[in-house]
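Report on the structure
Spelled out from the first residue to the last, the chains are:
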Amino acid sequence: MANLPAQAAADTLGARLGRVALYAALGLFALFYLMPMLVMIATSLKDVEEIRSGSLLAWPQSVSLDAWRYAWSEACIGVECTGLAPYFRNSVLMAVPAVLLSSLFGALNGYALTKWRFRGANVVFGMLLFGSFIPFQVVLLPMSQTLGFLGLASSVPGLVLVHTVYGIAFTTLFFRNYYVTLPDDLVKAATIDGAGFFTIFWRIILPLSPSIIVVTVIWQFTQIWNDFLFGASFTSGGAQPVTVALNNLVNTTTGVKLYNVDMAAAIIAALPTLLVYIVAGRYFVRGLTAGSVKG
Amino acid sequence: MAHLEVRNVRKSFGDTHVLKGISLDLAGGEFLVLLGPSGCGKSTLLNMIAGLDSITDGEIVIDGRVVNAVHPKNRDIAMVFQSYALYPNMTVKKNIAFGLEMRGVPADERARLIAKTSALLQIDHLLDRKPAQLSGGQRQRVAMGRALVRDPKIFLFDEPLSNLDAKLRVDMRTEIKKLHGRLGTTIVYVTHDQIEAMTLATQIAVMRGGVIEQLAPPQDVYETPANMYVGGFVGSPPMNFVPATVVDQGNGLGVRFRCAANGGDGDVVLPLADPAAAAQWKDREVVFGLRPEALTDYNEAEASIREHAHAFDCRVDVLEPTGADTLTYVELGGSTAIARVNPRRTTRPGDTMRLMADMSHASLFDPSTERRI
């Protein structure tokens, strides 16, 4: 019995060491993942001279925001030296309506497919599901013909249409799987109370959907903002989204390569998605697991 | 006070026939309970009356108007669901007001009706809470409030008490009964609980496999079940069914069955209270049905005042005390029967006991069709 306290002490010591090792490992992994980001930020704050002479990992000796300003408003993208600003604006004008529209249609589809089951609802859902597996390269040619026919070729509204249409498959899947878990009796009760299809949707179903709305919005925003293929295929010149403009900025070189400007531009292009994750990330995890536990 | 008529209503999904021709006629102010096991079609019938399920064939008529094609909201009915189906995002007040709002009732009138209803159901202190903050019993009241506030012609209840614990269920049962007494509205109520059906109903429709087996006031269903299924489903413990033969007995007829007693195995013959009804069954096999409370311990005083009480001896197999009565298991005609015996007059298992059968409450059934004779 006398060795019990000693054993307990060894246990706590062992546990402490385990804890230290755990945090060391976690810290190492965090560093590993953050390193590229740190290098990008550091490089974007240096001037060209320092980049050429110094080490890649070194912290900037004098912090300067010149590269950021240049990337935002002066850098040449192709022949236009306007910086990223107008293209960033294009991306916002493309992503915000496309995210809202595709989420709204997804919610309506999911609601109709689960709460107003009609003959063939499962077939319709199966076909929509299939839509989320279509490789986008397949639709490039017919889509560009369609956009031309509609007079939306090489325009931001054209991109909004493309992203809304191809987003519906995913958003419907999300909302449908969430609405399956809502009790049908709610709709029956509201029907007897005198509410119709849209009233039930606005007054009862949508107010119960914040978690799945957040998941869908994050997913759609990330997809649409980061899209390169559609942006590069269906737009040119002033209508391009920021991802395409970033590519052109990096590829437009006259003389010395301005790594600090490239890095600043890349961070600017990635900032909105980063921001969405920081603001709504915790709802994302919660929403992904919603419905798995009966609540 | 609405008159509800269901005329030969059928419901089929392809080759599956859920309802096979249901007809009933319910006068205004009646309390109809649809009673049956799960899958008998009772909830489907309720949903069809509500307009939530389409009707394959037949007519549903409310106050003389065929409502087959009328939208649920225009049928002037209200429904209480088993899951309560309260809108989780709205407060109790908004839950109750929703139906009024949809019908365009002005705000001040809504407030007056909510106050009246919530006072009636004693939920006035809960009006600003969300459903998640309420107990099961409170949710049940709110669900009823949502139905009551519109003052509909017909109330529909779909197993409203089955999610409550046993004690609360009994309390709410009484409240629903009081409410019906006060409002006098026509009610259709679905349950699988025969005690709920007996206590609440003015009419019970016992259903099985998409047909109504019997439609009658609760006491009639209990005392003169239309067939063995109804006798076995209603009542706890259920009716005793004893294989027996109709034989001559004195001036009339009696039922004869075997029964072990006093170390031997003998025949018991009990005279029938109404021999005329069984005349054509003489010397044929029947099933003799007797409620447990009509089979009791022998009591000389009682036997002398009851004209149709007859005593016989029988060996006791098992005793189950319930407090008020001791359920005494005996074997009659080869099948187990239960007698309700005064706990002070029980005997030990294996002993022979003198029992008394009140033949004025006896039922006879045809063994092949299981129908009442």
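The residue numbering used here restarts from 1 in each chain and proceeds along that chain's sequence as written. Chain letters start at A and ligand numbers start at 1, both assigned in the order the entries are written. For a predicted model such as this one, the threshold for reporting local features is a pLDDT of at least 70, and the threshold for listing and counting side-chain atom pairs is 80 or more; totals across whole chains, interfaces and linings nevertheless cover every residue. Excluding hydrogens and water, the side-chain values take into account all heavy atoms of the structure.

1. Focus on the overall build of chain B
- Scanning chain B from terminus to terminus reveals nine helices and 20 strands.
- Based on the C-alpha atoms only, the size of chain B along its principal axes is roughly 80 × 45 × 35 Å.
- Out of the 373 residues belonging to chain B, those deemed buried represent 50%.
- Any pair of residues with heavy atoms lying within 4.5 Å of one another is described as a contacting pair. Across chain B, every contact between residues at least 6 apart in sequence was considered, and the portion connecting residues at least 24 apart equals 67%.
- In the form shown here, chain B has an accessible surface area of approximately 16300 Å², with 47% of it arising from carbon and sulfur atoms.
- Of the side chains in chain B, 42 bear a positive and 45 a negative charge, and the two mean positions are spaced by 8 Å. Only DSSP runs of H or I with at least four residues qualify as helices, and only runs of E with at least two residues qualify as strands; both kinds are numbered from the N terminus onward. Throughout this description, buried means an accessible area under 20% of the type-specific maximum (1.4 Å probe, protein chains only), exposed means over 50%, and partly exposed covers the range between. Under the convention used here, a 1.4 Å probe and the Shrake-Rupley method define accessible areas, while residue burial counts only the protein chains that appear. Charge counting follows a simple rule: Lys and Arg are positive, Asp and Glu are negative, and His as well as the terminal groups are ignored. A charge is said to be at NZ when it belongs to Lys, at CZ for Arg, at CG for Asp and at CD for Glu.

2. Looking at the interface of chain A and chain B
- Contacts between the two partners involve 15 residues from chain A and, on the opposite side, 24 residues from chain B.
- When two components associate, each loses some accessible surface as probed by a 1.4 Å sphere; the sum of these losses over both components is called the buried area. Regarding the contact of chain A and chain B, the summed buried area is about 1700 Å², with carbon and sulfur atoms giving 65% of it.
- Its largest share of buried area at the contact with chain B, chain A owes to I192(A), D193(A) and R203(A), together 42% of the area lost on that side.
- A pairing counts as a salt bridge when a side-chain nitrogen of Lys or Arg comes within 4 Å of a carboxyl oxygen of Asp or Glu. Inspection of the chain A/chain B interface yields two salt bridges.
- Of the charged contacts, one joins R150(B) and D193(A) as a salt bridge, the two residues approaching to 3.0 Å between their closest N and O atoms.
- Here a polar contact is taken to be a pair of N or O atoms separated by no more than 3.5 Å, where protein atoms must pair a possible hydrogen donor with a possible acceptor and residues adjacent in sequence count only if both atoms sit in side chains. Run the count over chain A and chain B and you get nine residue pairs in polar contact (both at pLDDT 80 or more).
- Counting residues per element, the side of chain A that touches chain B draws most heavily on helix α8 (residues 184–193) of chain A, which supplies eight residues.
- Each residue is assigned to one class: nonpolar for Ala, Val, Leu, Ile, Met, Phe, Trp, Tyr, Cys and Pro, charged for Asp, Glu, Lys and Arg, and polar for all the others, Gly among them. Counted by class, the side of chain A that touches chain B contains eight nonpolar, three polar and four charged residues.

3. Notes on helix α7 (residues 156–179) of chain A
All names here are of chain A.
- Helix length check: α7 (24 residues) gives 32 Å between terminal C-alpha atoms against 34 Å at 1.5 Å per residue, within 8%.
- The bend at a residue is defined as the angle formed between two axes, one fitted to the seven residues ending at that residue and one fitted to the seven starting there. A bend of about 40° at I168 is the largest found in α7.
- Along α7, 18 of the 24 residues are buried, which leaves the element largely enclosed by surrounding structure.
- Two or three places before G158, at the opening of α7, S155 has a side-chain oxygen 3.2 Å from that residue's backbone nitrogen. By this rule, a helix spans an expected 1.5 Å times one less than how many residues it contains.

4. Quick notes on the sheet that holds strand β6 (residues 77–80) of chain B
Residue and element names in this part refer to chain B.
- Taken in spatial order, the six strands line up as β6-β7-β8-β3-β9-β10 in an open sheet, and their pairing is mixed. The sheet is open, and its two borders are formed by β6 and β10 (211–216), each paired with just one other strand. Across this sheet, the average inter-strand angle for adjacent strands is 15°, counted without regard to direction. Two strands make a pair as long as DSSP finds a minimum of two bridges between them. Every angle, taken between N-to-C directions, lies between 0 and 180 degrees, and every axis is a line fitted to C-alpha atoms, over only the stretch in contact when it is a helix.

5. Side note on the state of the cysteines
All names here are of chain A.
- Defined by distance alone, a disulfide is two cysteine sulfur atoms within 2.5 Å. Within the structure shown, the criterion is met by one disulfide over all chains.
- Two residues share a disulfide in this structure: C76 and C81, whose sulfurs sit 1.6 Å from each other. The chirality of the disulfide connecting C76 with C81 is right-handed, given an S-S dihedral of about 95°.
- Take C76: its relative accessible area is 26%, and that puts it in the partly exposed class.

6. Some words on the domain arrangement of chain A
All names here are of chain A.
- Each domain's extent is set by a domain assignment, obtained either automatically or from a database. Here the domain parsing of chain A yields domain 1 (4–64) and domain 2 (85–289).
- The C-alpha-based centres of domain 1 and domain 2 are spaced at 36 Å.
- Each side of the interface is counted separately: domain 1 has nine residues, and domain 2 has nine residues.
- Taken together, both faces of the contact between domain 1 and domain 2 bury some 730 Å²; the carbon and sulfur share is 85%.
- Together, M40, S44 and V48 form the three largest contributors to the area buried by domain 1 at its contact with domain 2, with a combined 56%.
- Here domain 1 is connected to domain 2 by zero salt bridges.
- Joining domain 1 to domain 2, the criterion identifies one residue pair in polar contact (both at pLDDT 80 or more).
- Secondary structure elements with two or more residues in the side of domain 1 that touches domain 2: α1 (4–45) and α2 (48–53).
- Looking at the side of domain 1 that touches domain 2 residue by residue, the class counts come to five nonpolar, two polar and two charged.

7. Some thoughts on the pairing of strand β4 (residues 57–62) of chain B
All names here are of chain B.
- Summarising the sheet, strand β1 (residues 4–13) and β4 pair through five bridges and their orientation is antiparallel. Bridge pairing in β4 links V6 to I60.
- Where β4 folds back onto strand β5 (residues 65–66) in an antiparallel hairpin, the turn is made up of two residues, including D63, whose phi is positive at roughly 50°.

8. Quick word on the sheet that holds β5(B)
Residue and element names in this part refer to chain B.
- With respect to topology, four strands assemble into an open sheet ordered β2-β1-β4-β5, the strand pairing being antiparallel. Every interior strand has two partners, whereas the edge strands, β2 (16–26) and β5, have only one.
- Those strands touched by helix α1 (residues 42–50) are β1, β2 and β4, and its axis lies near 115° from that of β1.

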